[in-house]
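Architecture and fold: a report
Each chain, letter by letter, is given below.
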Amino acid sequence: MATFSTPDNDPNIEASGRTPVPLEFSKDFLWGVSTAAHQVEGNSQNQWSDWEAAGHIRSGDTCGSACDWWGNAERDFDLVRDIGLNALRFSVDWSRIEPRQGEWDLTALRRYREMLDGLVQRGISPIICLHHFTHPRWFEHNGAFLSLDAPELFERFTRVVIDALGEQCSRWLTFNEPNVYAAMGYALGEFPPGRRGDIGAAMRVMSAMARCHLRAYHAIHQLQPHAEVGWAHHYVVLEPQGRGPDRWIAALVNELFNESFLRLIQYGRLPFPLSMLDGTAGAVKGSCDFVGLNVYNRFHVAFDYRNRAQAFARLFVPPHVPQGDSACDRPYGEAYPQALRQAVERSAKLGKPIYILENGVPDAQDRIRPWLIVNAVKEMHQLIAEGHDIRGYFHWTLTDNFEWTEGWRLRFGLVALDCATQERTIRGSGKLYGEIARRNALSPEMIAEYGQLESASATKF
Ligand code: BGC
């Protein structure tokens, strides 16, 4: 059962004898949704399309026309505006912009420009991510981030994007989740290039991405001195099952997964002995203007000598915890809104503003998404009250979209999508989230209605 701790100074507690009041946010707070090019645009031609064609998607799906953004993203921009949000994060697909090395597709840049104009006209603030898991085939064949010229190529691409789109956008993410990209592609074999068990390569990929991030960070600031540049960091809560080896292994996974990229940006290097794998990235230290956090789950962790690919850790989800829909052959993870606290407290050590850039749950029937949103927003309000500089919350995601190895099986949208007809239906959670954004506050009624799992509508465990 989910319990929610209620701190003494929570203005919403009737037991304290005070009348409950709304939990308000600052007037420039960003309420948004996050998306990614490959997951929404449709008919992309990148290294992920090849991965799909090679049969690696567990559900057997392919991305197809996705949410048809390349043809009509504006239909979803209307929804963002109508729901009541004021921000949207999207990514550009490098493979559309530089389909062959050194050849730039001006039509693709124009389309991105048009999308950006569409957002600005609707009063929606954009954040653009330069790399969300996908890139051109030629870059992949060249060794992707492990190739020596990756920083130069990534910087060149960055400059082209900022030149084309910089007039309408000043918040940039260099990368989405270097830790997920590296772990999935090089240790777990679930993303291209599909390497398994090579934790050393995963660490080298993260360091290489940190060097690319650094080049892009300076290039963006050179072209746009007032820009805000960061990256989106995936943070997961790891709960050791028992003492001794379970704790050590949870600490190791935390170090490899949660800490590595944060440390690269915070200190410019990995701790010894991981530093021996990483080449030097010293100048990376401090190269961000904000930290973006993608936070979803808690996993329980046990030592398992058979699980070498995962650093001898077994990550699992106990059956009694709140969960969204299951992935094809395993639970997606525990839905854990309090994870925001651990993620924010850790990344606050970098001393930069924080945006929550992804938070959500796969939940086709909207069983627990309202509960998750209300409790995540409540946790965030409390963190801000404690002095944390959190400037925005971006839900993952607007419209059900193509969920990587799980294909169309997992539905993360505030808006349900029928992929065949492209028909959209706003879920109750979409209306609720819009209401929070429009009021710029969480009302006592919302907390009373959705804050407890038992009372959340249609909850079934
Ligand atoms: C990724 C998204 C993905 C989401 C849900 C995040 O880690 O950035 O692309 O769809 O998780 O699994």
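These notes cover the structure that comes with them. A quick note: this is a predicted structure, and the numbers were derived from the prediction, not measured. Throughout this description, residue numbers start from 1 for each chain and increase along the sequence as written. Whole-chain, interface and lining totals are the exception, using all residues; otherwise, since this is a predicted model, local features are given only for residues with pLDDT of at least 70 and side-chain atom pairs are given and counted only at 80 or more. Computation of side-chain values: all heavy atoms of the structure, hydrogens and water removed.

Helix and strand assignments come from DSSP, with helices taken as H or I runs of at least 4 residues and strands as E runs of at least 2, each series counted from the N terminus. Along the protein, the regular secondary structure elements total 14 helices and 14 strands. The globule rule used for comparison is 2.2 Å times the number of residues to the exponent 0.38, while the radius of gyration itself is calculated over C-alpha atoms. Relative to the 2.2 N^0.38 estimate, which gives 23 Å for 461 residues, the radius of gyration of the protein is 21 Å and therefore close to what a compact globule would have. Taken along the three principal axes of its C-alpha coordinates, the protein extends 65 × 55 × 45 Å. By sequence separation, contacts in the protein at least 24 residues apart represent 75% of the contacts at least 6 residues apart. Throughout, the Shrake-Rupley method with a 1.4 Å probe supplies accessible areas, and for residues the shown protein chains are the sole cover considered. Accessible area for the protein stands at about 17600 Å²; split by element, carbon and sulfur atoms hold 50% of it. Counted as positive: Lys and Arg. Counted as negative: Asp and Glu, with His and the chain ends omitted from the count. One atom stands in for each charge, and that atom is NZ of Lys, CZ of Arg, CG of Asp or CD of Glu. Of note, the protein has its 47 positive side-chain charges centred 3 Å away from the centre of its 56 negative side-chain charges. Any pair of residues with heavy atoms lying within 4.5 Å of one another is described as a contacting pair.

Cis geometry is adopted by the peptide bond preceding Pro273, which originates at Phe272 and carries an omega value of 5 degrees. Mapping Pro273 onto the fold places it in the loop between helix 10 (245–267) and strand 7 (291–303). A cis amide bond links Trp396 to the next residue, Thr397, at an omega of 10 degrees. Following the sequence through the fold, Thr397 ends up in the loop between strand 11 (390–395) and strand 12 (415–418). In this structure, Ala144 is a non-glycine residue whose phi angle is positive, near 50 degrees. By the element assignment, Ala144 lies in the loop between helix 6 (137–141) and helix 7 (150–165). Backbone geometry places Phe312, a non-glycine residue, at a positive phi of 65 degrees. Take Phe312: it is sitting in the loop between strand 7 and strand 8 (313–316). Classification of Phe312 as partly exposed rests on a relative accessible area of 33%. Think of it in three bands: with a 1.4 Å probe and only protein chains considered, a residue is buried below 20% of the maximum accessible area for its type, exposed above 50%, and partly exposed in between.

Here we come to helix 8 (residues 178–187). Of all ten residues in helix 8, ten are buried; the element is thus mostly enclosed. Among all positions in helix 8, only Pro178, Asn179, Val180, Tyr181, Ala182, Ala183, Met184, Gly185, Tyr186 and Ala187 are buried. Against the buried residues of helix 8 lie helix 6, strand 5 (171–176), helix 9 (199–223), strand 6 (228–240) and helix 10. Phi turns positive one or two residues past the end of helix 8, at Gly189, with a value near 70 degrees.

Definition used for salt bridges: Asp or Glu carboxyl oxygen within 4 Å of a side-chain nitrogen of Lys or Arg. The final tally for this structure, using the stated rule, is 41 salt bridges. The partner of Arg156 in a salt bridge is Glu98, with the nearest N and O atoms 2.7 Å apart. Highlighted residues: Arg156 in helix 7 and Glu98 in the loop between helix 4 (94–97) and helix 5 (106–121), separated in sequence by 58 residues. Assessed through its relative accessible area of 34%, Arg156 is described here as partly exposed. One salt bridge in this structure joins Arg171 and Glu228, with 3.5 Å as the shortest N-O distance. Of the two residues, Arg171 is situated in strand 5 and Glu228 in strand 6; the sequence distance between them amounts to 57 residues. Assessed through its relative accessible area of 18%, Arg171 is described here as buried. It is possible to trace a salt-bridge network through shared partners that takes in Arg58, Glu190, Asp329, Arg330 and Glu406.

To define a nonpolar core, start from buried Ala, Val, Leu, Ile, Met, Phe, Trp, Tyr and Cys residues and group those joined through side-chain atoms within 4.5 Å. The biggest cluster of nonpolar side chains holds 132 residues, and the ones touching the most others in it are Trp31, Phe90, Val92 and Phe145. In terms of residues, this core owes the most to one element, helix 9, which gives 13 residues. Look past the residues within four positions of Trp31 in its chain and what remains in contact with it is Phe25, Leu85, Asn86, Ala87, Val377, Met380, Tyr393, Tyr433, Ile436, Ala437 and Asn440. Residues Ile127, Leu173, Ala232 and Phe394 belong to the second largest nonpolar core, which totals ten residues.

The subject of this paragraph is a nonpolar patch on the surface. A cluster of nonpolar side chains, namely Phe303, Tyr305 and Phe312, defines an oily patch on the protein surface of about 330 Å² accessible area. Residue Tyr305 is classed as exposed on the basis of its relative accessible area, which comes to 60%. What makes a patch is a set of residues exposed beyond 30% relative accessible area and free of salt bridges, joined within 9 Å when like-charged and within 5 Å when nonpolar (Val, Leu, Ile, Met, Phe, Trp, Tyr).

In this scheme Phe, Tyr and Trp rings, the latter by its six-membered ring, pair at centre separations within 6.5 Å, and the angle between planes marks the pair as stacked below 30 degrees, edge-to-face above 60, and tilted otherwise. As enumerated under the stated definition, the model contains 32 aromatic pairs in all. Taken together, a centroid distance of 6.0 Å and an interplanar angle of 50 degrees make the contact between Phe154 and Phe157 tilted. Of this pair, Phe154 and Phe157 are both found in helix 7, three residues apart, which corresponds to roughly one turn of the helix. Take Phe154 and Phe157: they sit in the same class, and that class is buried.

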